[in-house]
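Given next are the chains, with one letter for each unit.
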Amino acid sequence: MKFGYLRSAISCVFISVGENQRSNAICLLEIQNSGLSTAVGYPLDTVKVRIQTEGHYNGIWHCIQETYRTERVLGFYKGVSASVFTVSLISSVSFGTYRNFLCNICKLRYGTADAKPSGLDVSLAGSAAGAVRVVLMTPSEVAKVRMQTQRNPHSSVTSSQPKYRGSLHCLKVIAKEEGFGGLYKGCSALLWRDCSSSAIYFLTYSSLCDWLTPAGKNKPGLLVVLLSGGSAGVLAWGLATPMDVLKSRMQVDESGQHKYKGLIHCARESIRKEGIKVLFKGLGLNCIRAFPVNMVVFVTYEAVLRFTEHFTNKK
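So, how was this worked out
Residues numbered from 1 in each chain as written. Predicted model: local features only at pLDDT ≥ 70, side-chain atom pairs only at ≥ 80, totals over all residues. Heavy atoms only, no water. Helix = DSSP H or I, 4+ residues; strand = E, 2+ residues; numbered from the N terminus. Buried < 20%, exposed > 50% of the residue type's maximum accessible area, 1.4 Å probe, protein only. 1 Å grid on protein atoms, 1.4 Å probe; cavity = no way out; pocket = protein on both sides within 12 Å on 5 of 7 lines; lining within 4 Å. Points joined across faces, edges and corners; volume = space filled by probe spheres on them. Nonpolar A, V, L, I, M, F, W, Y, C, P; charged D, E, K, R; others polar. Contact = heavy atoms within 4.5 Å. Core = buried A, V, L, I, M, F, W, Y, C linked by side-chain atoms within 4.5 Å. Phe/Tyr/Trp six-rings, centres within 6.5 Å; stacked < 30°, edge-to-face > 60°. Lys NZ or Arg CZ within 6 Å of the ring centre and 35° of its normal. Salt bridge = Lys/Arg side-chain N within 4 Å of Asp/Glu carboxyl O. Expected span 1.5 Å × (residues − 1).

**Quick look at the environment of Ala-143**
Okay, step 1: By secondary structure assignment, the location of Ala-143 is in helix H5 (residues 119-149).
Okay, step 2: For Ala-143, a relative accessible area of 3% translates into the label buried.
Okay, step 3: A C-alpha to C-alpha distance of 9.9 Å links Ala-143 and Val-173, two positions 30 residues apart in sequence.

Here it is in structure tokens:
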């Protein structure tokens, strides 16, 4: 899927020429950044999804052991190629959208895109970025979860043919068996998760940078960016985990199973059978991944902002 046209369209609608260059640079850097972080953190994501959707694991280490015993190392990387590609593009669009919406909000409220935004401004722009992510990423997210939970034992165990032979084949099978709606399973949970967590994510980062930056400096230092970015990622994922659990459970529900009728039914049934603690499965893994990944994400983001700012000022 190609999202370059969407990025350009958003940029043309919401920002000026100078900000357009900045947003495009953010998009390009985030493509590389997100692809690398996704590839590195993917095994933990596979373990997290399996713990959230399957009840027979005693913990993280037990899931790792069982996955390796039956599927070897490749079992941790099911669906990774498509995920790296789509997450990279979607994350770049998400950061570009956030920047564009924030500039547009500042123009409407304060008359200039360079005005200091309020917490509400940052939250609204973050929610908009989350909504855009949901629209673009839900089909690939469904395919990722199906691939990660598909049992495809190592050849030394059995030679059975898996249902899904890859991410693209998975999308094709889902569309054929479940229709267009199947590609957007869990969309309601994903919308709640990403809109709220993105608002918290950007608001936390912005607030911590303001708080930790010494008076008289208008830009946060490297240490402040690292700490603020990592903390924003941990807080956002910590609050997003309940919806992340429900999202994964709804998406793994294939045609013919129909375990869940919707978001509320999924939450009610999950809590009834496993207690309220079920909503926090994978919380530790989400937070472990979030801190280092988002430190790098925001260091890249700030570097691009400063580079393009210096470039546009020279012009």
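**Here we look at empty space enclosed by the protein**
Okay, step 1: Taken as a whole, this structure holds two cavities of 30 Å³ or more when the rule is applied.
Okay, step 2: In this structure, the second largest cavity encloses a volume near 40 Å³.
Okay, step 3: Around the second largest cavity, the lining residues are Ser-83, Thr-86, Val-87, Ser-140, Glu-141 and Lys-144.
Okay, step 4: Elements represented by at least two residues in the lining of the second largest cavity include exactly helix H4 (80-110) and H5.
Okay, step 5: In terms of residue class, the lining of the second largest cavity is made up of one nonpolar, three polar and two charged.

**What to know about the side chain of Asp-121**
Okay, step 1: Among the secondary structure elements, Asp-121 is positioned in helix H5.
Okay, step 2: According to the relative accessible area criterion, Asp-121 is buried, its value standing at 1%.
Okay, step 3: Sequence-distant contacts of Asp-121, that is, excluding residues within four places in its chain, are made with Leu-102, Ile-105, Arg-109 and Tyr-110.

**Points about the nonpolar core**
Okay, step 1: Ranked by size, the top nonpolar core spans 19 residues in total, and within it Phe-95, Tyr-98, Tyr-201, Phe-202, Tyr-205, Phe-298 and Tyr-301 carry the most contacts.
Okay, step 2: Where this core is concerned, the elements lending two or more residues are H4, H5, helix H7 (187-212), helix H8 (222-251) and helix H10 (283-314).

**Some thoughts on the packing of aromatic side chains**
Okay, step 1: What the rule picks out here adds up to 11 aromatic pairs.
Okay, step 2: With a centroid separation of 5.1 Å and an interplanar angle of 45°, the aromatic rings of Tyr-201 and Phe-298 are classed as tilted. Here Tyr-201 is found in helix H7, whereas its partner Phe-298 is found in helix H10, with 97 residues between them in sequence. Of the two residues examined, Tyr-201 and Phe-298, each falls in the buried class.
Okay, step 3: Ring geometry for Phe-202 versus Phe-298: centroids 6.3 Å apart, planes at 80°, classification edge-to-face. With Phe-202 in helix H7 and Phe-298 in helix H10, this pair connects stretches of sequence that are 96 residues apart. Assigned by exposure class, Phe-202 and Phe-298 land together as buried.
Okay, step 4: Linked through ring pairs, Phe-95, Tyr-98, Tyr-201, Phe-202, Tyr-205, Phe-298 and Tyr-301 together constitute an aromatic cluster.
Okay, step 5: Across the ring face of Trp-237, the terminal group of Arg-289 is positioned such that the distance to the ring centre comes to 5.9 Å.

**Focus: the pattern of salt bridges**
Okay, step 1: Counted according to the given criterion, the structure contains 23 salt bridges.
Okay, step 2: Residue Arg-50 is joined to Glu-71 by a salt bridge in which the shortest nitrogen-to-oxygen separation is 2.7 Å. One end of the pair, Arg-50, is in helix H2 (residues 17-53); the other, Glu-71, is in helix H3 (residues 60-71), and 21 residues separate them in sequence.
Okay, step 3: Here the salt bridges share partners, and the residues they tie into one network are Asp-45, Lys-48, Arg-133, Glu-141, Lys-144, Arg-193, Asp-194, Asp-244, Lys-247 and Arg-289.

**A short note on helix H9 (residues 263-274)**
Okay, step 1: Taking 1.5 Å of rise per residue, the 12 residues of H9 would be expected to cover 16 Å, and the 16 Å separating its terminal C-alpha atoms lies within 8% of that figure.
Okay, step 2: Buried residues of H9: Leu-263, His-265, Cys-266, Ala-267, Glu-269 and Ser-270, and no others.
Okay, step 3: On its buried side, H9 packs onto H7 and H8.
Okay, step 4: Following H9 by one or two positions, Gly-275 has its phi on the positive side, about 85°.

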